[in-house]
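Residues per chain are reported as follows:
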Amino acid sequence: MLALVLLLLCPAVCAAETEEPAFGREFSGEYAAYGDYVTLRYTVLNTLDERITAVTVSDPLVGVAGYAETLAPGEKRVFTARVRVIADCLSTPALSYTLGGETRTVAAPQRGVTLENAALSAVLAEETTESGRMLVLTVTNQGNAPIYGVKAVDRALGDMGAAVSVLNAGESARFERAMQGGDHLCRVTARSAGGRALEIDSNALDAQNDAPEPDEEGGVTLSAALDGGRVLVSIDNDTNTLYERLTLTERTGGETRALRFLPARGRTQLVWAAGEAGETLVFELALPDGQTVSAEPLMLEAAPETQDDPLDAIPDGVSFRMADDPQTYRDMMLGAGLMLLALGAGAWLAAAIRRRRERRRRLKKRQERKRQRQSALKKTDARMNEEKRA
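Cut-offs and rules
Along each chain, residue indices are assigned from 1 in the same order as the chain's sequence is written. Only residues with pLDDT of at least 70 are given local features in this predicted model, and only at 80 or more are side-chain atom pairs given and counted; all residues enter the totals for whole chains, interfaces and linings. Side-chain metrics rest on all non-hydrogen atoms present in the structure, leaving aside hydrogens and water. Helix and strand labels come from DSSP, where a helix needs a run of H or I of at least four residues and a strand needs a run of E of at least two; each type is numbered from the N terminus. By definition in these notes, contact holds between two residues if any of their heavy atoms fall within 4.5 Å. Note on pairing: DSSP must find at least two bridges between two strands before they are called paired. With axes taken as lines fitted to C-alpha atoms, and helix axes fitted only over the stretch in contact, angles between N-to-C directions fall between 0 and 180 degrees. Residue exposure (1.4 Å probe, protein chains only): buried if accessible area is under 20% of the type maximum, exposed if over 50%, otherwise partly exposed. We define a salt bridge as a side-chain nitrogen of Lys or Arg found within 4 Å of a carboxyl oxygen belonging to Asp or Glu.

Further remarks concern the overall build of the protein chain. Tallying secondary structure elements over the protein chain gives two helices and 30 strands in all. Long-range pairs, those at least 24 residues apart, make up 61% of the contacts in the protein chain with a sequence separation of at least 6.

What follows is the structure, encoded as structure tokens:
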């Protein structure tokens, strides 16, 4: 009979023993460009019937993200932190707390922020259909993150059609317009998942010749140029060959990126993080047939600028920045401290000079009043002596 009672009570007891507070983490964005900041939001809700203590939220990305001495039943706390993205950020945050003298731990699902590789290609071609000759533009997302608001404008025909709201990684969008005379070249604009503006030009097409521009020997070219605080790498394929599985390498830092394919008669652009001032970047593209194409070395003449100011206002909660040089902040704080010290010393010296002048002025007044009293006493004594003699 006792065994039967225990068997019936076991599910409720086991459920009570395994019940844990609700814990989760959210990111301000799933993708981020190099150097951008993302905000992490941790939520803790005490769903138990008892008060918990020593509530600590930790994350390998930021260390200790938040702490609360106690949480009453039904009470919720939210902690925030910021992380600068320089690589894929994948971690499993944990919540530790004490209940009834026992320390327990709860882990949130493993998630992260992906360092986006924004890359577009645009191929312009002519097709003959039942409706006649058509100008067809194919835009492909060769990056690893979605691209939003893809819009195409031809220099001869103008707008190529409605914008594509979302173009996921590996997907292509097709724009069509009836062919007319003149030279055609489409400019494609979009917005990356990290919020950066993207712009790329397609290959040129001459409608009068009814064919693309002819091939040239060694028709794949590679170039790099500074674009604000980043480096824009352009790969142009002026041949009719579709290349697959290419590798782009930056020789100075050793970083490599893989391209799934390079369209014929198209251009692909990639955003690369700029390094320190004075550094020289050397890009090299390896083709599937073993040939390599190199770009002219790019000298960085100015320090790169990130989208967010590293000294911007710290939000509520914990703030953490990765890959910032602490020596820079120490130098800045030391300079500010010396400046405040100099200002304080100057103010103290000016006040001391004013006090000394005031003391001298008061001393002169006292001496003048003393002389006046002595002079009055002398006059009084002289008058009294004259009266006595009389």
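Still more ground to cover, so stick around.
Moving on, we get to the sheet that holds strand E3 (residues 37–45). Spatially, three strands are ordered E1-E3-E6 in an open sheet, and the strand pairing comes out antiparallel. A strand with exactly one partner marks an edge of an open sheet, and here the two such strands are strand E1 (22–27) and strand E6 (76–84). Ignoring strand direction, the axes of neighbouring strands in this sheet form an average angle of 15°. Of the strand pairs in this sheet, E3 and E6 are connected by nine bridges, and their pairing is antiparallel. Looking at E6, one finds that Thr43 is bridged to Val78.

With that settled, consider the environment of Glu171. By the secondary structure assignment, Glu171 is in the loop between strand E15 (164–167) and strand E16 (172–178). Look at Glu171 and you get partly exposed, because its relative accessible area is 35%. Spatially, the C-alpha atoms of Glu171 and Pro146 are 9.2 Å apart, while their sequence positions differ by 25 residues. In this structure Glu171 touches Val139, Thr140 and Asn141, once residues within four positions along its chain are discounted.

Scanning the entire structure with this criterion turns up 16 salt bridges. Close ionic contact of Arg267 with Asp236 constitutes a salt bridge, the shortest N to O distance being 2.6 Å. You can see Arg267 sitting in strand E26 (residues 266–273) and its partner Asp236 sitting in strand E23 (residues 230–237), a full 31 residues away along the chain. Judged by relative accessible area, Arg267 falls into the partly exposed class, the value being 23%. Overlapping salt bridges, with partners in common, bring together Glu127, Arg174 and Glu176 in one network.

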